[in-house]
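Architecture at a glance
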Amino acid sequence: MRQILRVLLDNALVHGEGEVTVEAADLADGVAIEVADRGPGVPEDMDVFARRAADGHGIGLALARSLAEAEAGRLVLRRTVPPVFSLLLSPAARSDSPVPVP
């Protein structure tokens, strides 16, 4: 989870604008961790989770999504403008220990 959060925070700081927020919510069937910024957002037709270039651009979110799925979770772009990414974790992926933020 640390690597997933690192990717989301890095993307918000590098590609976003303004304040970056991280919020966690306890859901009936798991937990949601959301990372948002105040930037212009993501074009509606852009698949942010696909690798877009052979030079490595776009690999961060693709890797983060794969890591989330490996932990029985999901990583989704919940809102495009301003962008909000949600890491959804099922009870099987939850831990009683806190997740350190990079």
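Details of the structure are given in the entry above.
Residues numbered from 1 in each chain as written. Predicted model: local features only at pLDDT ≥ 70, side-chain atom pairs only at ≥ 80, totals over all residues. Heavy atoms only, no water.

1. Notes on the sheet that holds strand β3 (residues 73-79)
Applied cut-off: A pair of strands counts as paired when DSSP detects no fewer than two bridges linking them. In this text, helices come from DSSP runs of H or I with a minimum length of four residues, and strands from runs of E with a minimum of two, each type numbered from the N-terminal end. Angles shown run from 0 to 180 degrees and are taken between the N-to-C directions of axes, each axis being a line fitted to C-alpha atoms and, for helices, limited to the stretch in contact. Note on definitions: a residue-residue contact is assigned when non-hydrogen atoms from the two residues lie within 4.5 Å.
With respect to topology, 4 strands assemble into an open sheet ordered β1-β2-β4-β3, the strand pairing being antiparallel. Every interior strand has two partners, whereas the edge strands, β1 (21-27) and β3, have only one. This sheet shows a mean twist of 20° between the axes of neighbouring strands, independent of strand direction. Helix-sheet contacts for helix α1 (residues 2-15) involve β1, β2 (30-36), β3 and β4 (84-89), and the interaxial angle to β2 is about 25°. On top of the sheet, helix α2 (residues 59-70) reaches β3 and β4; it is set at about 135° to β3, its chief contact.

2. Thoughts on α1
As a reminder, the rule being used: What a helix is expected to span follows from its residue count: subtract one and scale by 1.5 Å. For every residue, the accessible area (1.4 Å probe, protein chains only) is compared with the maximum for its type, and the residue is labelled buried under 20%, exposed over 50%, or partly exposed between those bounds.
With 14 residues, α1 ought to run about 20 Å at 1.5 Å a step, and its terminal C-alpha atoms sit 20 Å apart, in line with that. Taken as a whole, α1 has its buried residues at Ile4, Leu5, Val7, Leu8, Leu9, Asn11 and Ala12. Elements in contact with the buried residues of α1: β1, β2, α2, β3 and β4.

3. A closer look at the packing of aromatic side chains
Filter applied, for reference: Aromatic rings from Phe, Tyr and Trp, taking only the six-membered ring of Trp, are treated as a pair when their centres fall within 6.5 Å; an angle between ring planes under 30 degrees marks them as stacked, one over 60 as edge-to-face, and anything in between as tilted. Both a distance and an angle decide whether a charge sits over a ring: NZ of Lys or CZ of Arg must be within 6 Å of the ring centre and within 35 degrees of the ring normal.
Evaluated as defined, the whole model comprises 1 aromatic pair. Over the aromatic face of Phe49 sits the side chain of Arg65, whose NZ or CZ is 3.7 Å from the ring centroid.

4. Let's talk about unusual backbone geometry
Here the residue pair Val81 and Pro82 is connected by a cis peptide bond, since its omega of -25° sits within 30 degrees of zero. Residue placement: Pro82 occurs in the loop between β3 and β4.

Nothing here speaks to function; it is geometry throughout.
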